[in-house]
Amino acid sequence: MSHDFIYTANPARIVFGPGSLAKVADEIRQLGGSRALVLSTPFQREDAERLNHELGELGAGVFFEAAMHTPVAVTEQAMAAYAEVGADCVVALGGGSTIGLGKAIAYRNGAPQVVVATTYAGSEVTPILGQTEEGVKTTVKDASILPEVVIYDANLTLGLPVGMSVTSGLNAMAHAVEGLYAKDRNPITALMALEGIRGLKEALPVIVERPDDVAARSNALYGSWLCGTVLGTVGMALHHKLCHTLGGSFDLPHAETHAIMLPHTASYNARAAADVLAPAAELFGGELGSGLYDFAKSLGAPLALKELGMAESDLDRAADLAVKNPYWNPQPVQRDAVRELLQRAWSGARPE
Ligand code: NAD
């Protein structure tokens, strides 16, 4: 590691521990809030309504229409609900979709945010918002987007289905792997990335066996917090560019796509970033790409883009899009090499 670096920490208050959902009211008050609009997806509506009820007079109501990729039309409905109930802050209860809605509201009106994160995607600790309007996804980065308080309560993740836990955990690991070789990496993000990968590597096999193991669930949340923090702090590379392309232009699901692509992108960068990836590679038996592939396979994760319904005939267009305006990457981004990577990921071949 070079001794020249710049490290800017994102200010966030992290409240961690099983049972910490009970602290939401205190956290709202400490932010100066008195009426919170509780946000969720339709799937987590009951949990959101229970929380709103338990908040008593601090709960202003529930908006439960959060959706994947933060459609602007939904944000506008939520803004109207926020005004209608006279809210002065938001509580987002859920994964990246719900958190995205809270961020979109905060970006527009400065609402303070308390996030109760229930997946491993990591959005809760980034100042980044991706939103979609008429099928076009745009990304903004702004200090107002970063949630002020994040609550991690493993009890709320006990019901996260095993398949989603696995893909969401691998999604988190992808932030850390790319953080290790980020152009603007620094010693602190490297520590966080390795510790995050270690936590998730330990936790996910236990969760597959015993989804209600609170210690393993806590370990996974701890790992995902660290990986998410890396995502929010340094720049991402080829892996995230490919996943954004596949999600944005081919409508592939977020966490599953990350899970499938990670072994292949790690392998693509293995030689160019060998020194910084070495400690992570060691955790997976020496070779990061094939080690991650075997790990994902042992967890029952999807391994091939074709399993997600992607057509082989779309691979050429995906490669063209992925090399257009490429993100910085340790290994030069070459169209033929990326096309080959995509072919392997599509068929589910083990990286060599
Ligand atoms: P998600 O939020 O879309 O959740 C998927 C489904 O699982 C939803 O129905 C949700 O209600 C449900 N769910 C969530 N937690 C649950 C739990 N504990 N138990 C049972 N069901 C639960 O999924 P995600 O992968 O967390 O988020 C994906 C979205 O987040 C994408 O749109 C992605 O682009 C975005 N994202 C953004 C950032 C960022 O920094 N801006 C980072 C990561 C992801």
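Scoring rules and cut-offs
- Residues numbered from 1 in each chain as written.
- Predicted model: local features only at pLDDT ≥ 70, side-chain atom pairs only at ≥ 80, totals over all residues.
- Heavy atoms only, no water.
- Helix = DSSP H or I, 4+ residues; strand = E, 2+ residues; numbered from the N terminus.
- Buried < 20%, exposed > 50% of the residue type's maximum accessible area, 1.4 Å probe, protein only.
- Contact = heavy atoms within 4.5 Å.
- Domains from an automatic or database assignment.
- Buried area = accessible area lost by both parts, 1.4 Å probe.
- Salt bridge = Lys/Arg side-chain N within 4 Å of Asp/Glu carboxyl O.
- Polar contact = N/O pair within 3.5 Å; in protein donor to acceptor, adjacent residues only side chain to side chain.
- Nonpolar A, V, L, I, M, F, W, Y, C, P; charged D, E, K, R; others polar.
- Axes fitted to C-alpha atoms, helices over the stretch in contact; angles between N-to-C directions.
- Parallel < 35°, antiparallel > 145°, perpendicular 65-115°, else oblique.
- Left-handed = near helix turned anticlockwise from the far one by under 90°.
- Near = heavy atom within 4 Å.
- Areas by Shrake-Rupley, 256 points an atom, 1.4 Å probe, with all protein chains shown as cover.
- Pairing = 2+ DSSP bridges.
- Expected span 1.5 Å × (residues − 1).
- Arc of directions from axis to C-beta.

**Student:** Explain the side chain of Ser 218 residue by residue, including any values.
**Tutor:** With respect to the helices and strands, Ser 218 occurs in helix α7 (residues 214–233). Looking at Ser 218, the relative accessible area reads 13%, which means it is buried. Sequence-distant contacts of Ser 218, defined by excluding residues within four places in its chain, comprise Phe 16, Pro 18 and Ala 154.

**Student:** Give me the domain arrangement of the protein chain: which residues, what numbers.
**Tutor:** We note that the domain assignment places domain 1 (13–157) and domain 2 (162–347) within the protein chain. Relative to domain 2, the C-alpha centre of domain 1 lies at a distance of 26 Å. Carbon and sulfur atoms make up 68% of the surface buried where domain 1 meets domain 2, a total of about 1,700 Å² over both sides. Contact with domain 2 buries surface across domain 1, with Phe 16, Tyr 120 and Ala 121 losing the most and accounting together for 38% of the total. Connecting domain 1 to domain 2 are 0 salt bridges. Here domain 1 is connected to domain 2 by 4 residue pairs in polar contact (both at pLDDT 80 or more). When grouped by side-chain class, the residues that make up the side of domain 1 that touches domain 2 number 12 nonpolar, 5 polar and 1 charged.

**Student:** Help me get a handle on the packing of helix α12 (residues 315–322) against helix α13 (residues 335–347), residues and values and all.
**Tutor:** Running from N to C, α12 and α13 cross one another at 135°; their axes reach a closest spacing of 9 Å. By the criterion of interaxial angle, the relationship of α12 to α13 is oblique. For the crossing formed where α12 meets α13, the hand is right-handed. Each of Leu 315, Asp 316, Ala 318, Ala 319, Asp 320 and Ala 322 in α12 lies in contact with α13, whose residues at this interface are Arg 335, Val 338, Arg 339, Leu 342, Gln 343 and Trp 346. Per-class residue counts for the contact of α12 with α13 are 7 nonpolar, 1 polar and 4 charged.

**Student:** Describe the site of the ligand, with residues and values.
**Tutor:** Neighbouring the ligand are 23 residues, the closest being Thr 41, Ser 97, Thr 118, Thr 119 and Thr 126. A distance of 2.8 Å separates an oxygen atom of the ligand from a polar atom in the backbone of Gly 96. Between Thr 119 and the ligand, the recorded distance is 2.6 Å, taken from a side-chain N or O atom to an oxygen atom. Considered on its own, the ligand offers 860 Å² of accessible surface; in the complex 85% of this is hidden by protein. Of all the elements, helix α4 (residues 96–109) adds the most residues to the shell around the ligand, at 3 residues. Here the shell around the ligand spans two domains, since at least three of its residues come from each of domain 1 (13–157) and domain 2 (162–347).

**Student:** Account for the packing of helix α3 (residues 72–84) against α4, naming residues and giving values.
**Tutor:** Closest axis-to-axis distance for the α3/α4 pair is 10 Å, and the angle between their directions is 65°. On the basis of the axis angle, α3 is roughly perpendicular to α4. Where α3 crosses over α4, the handedness of that crossing is right-handed. Only Leu 101, Ala 104, Ile 105, Arg 108 and Asn 109 of α4 make contact with α3, whose side of the interface consists of Val 72, Val 74, Thr 75, Ala 78, Met 79 and Tyr 82. The class makeup of the residues in the contact of α3 with α4 is 8 nonpolar, 2 polar and 1 charged.

**Student:** Tell me what's going on with the sheet that holds strand β5 (residues 113–117), and back it up with residues and numbers.
**Tutor:** Taken in spatial order, the 6 strands line up as β1-β8-β5-β4-β2-β3 in an open sheet, and their pairing is parallel. At either end of the open sheet lies a strand with only one pairing partner, and these are β1 (13–16) and β3 (59–63). Neighbour-to-neighbour, the strand axes of this sheet turn through a mean angle of 20°, independent of strand direction. Across the sheet, helix α2 (residues 45–54) is in contact with β2 (36–39), β3 and β4 (89–94); its angle to β3 comes to roughly 170°.

**Student:** A description of the pattern of salt bridges should follow, citing residues and the corresponding values.
**Tutor:** Applying the stated criterion across every chain yields a total of 12 salt bridges. The salt bridge involving Arg 198 is made with Glu 202; its shortest N-O contact spans 2.7 Å. Of this pair, Arg 198 and Glu 202 both sit in helix α6 (residues 187–209), 4 residues apart, roughly one helical turn. In this structure, Asp 316 engages Arg 335 in a salt bridge whose closest nitrogen and oxygen atoms are separated by 3.4 Å. Note that Asp 316 is positioned in helix α12 and Arg 335 in helix α13, a separation of 19 residues in sequence. Exposure remark for Asp 316: the relative accessible area of 39% places this residue in the partly exposed category. Salt bridges sharing partners connect three or more residues here, namely Asp 316, Asp 320, Arg 335 and Arg 339.

**Student:** Run through the pairing of β3, naming residues and quoting values.
**Tutor:** With 4 of its 5 residues buried, β3 lies for the most part within the structure. Note that β2 and β3 share 4 bridges and pair parallel. When the bridges of β3 are listed, Ala 36 appears paired with Gly 59.

**Student:** Please provide a residue-by-residue account of α13, values included.
**Tutor:** Between the first and last C-alpha of α13 there are 18 Å, a value that for 13 residues agrees with the 18 Å anticipated at 1.5 Å per step. Among the residues of α13, Val 338, Arg 339, Leu 341, Leu 342, Ala 345 and Trp 346 are the ones counted as buried. Down the axis, α13 shows its buried residues gathered within 160° of arc, on one side only. Set apart from the buried face of α13 by more than 90 degrees, the exposed residues are Asp 336 and Glu 340. Lining the buried residues of α13 we find α8 (238–250), α9 (254–268) and α12. Once α13 finishes, Gly 348 follows within two positions and takes phi at roughly 85°, a positive value.

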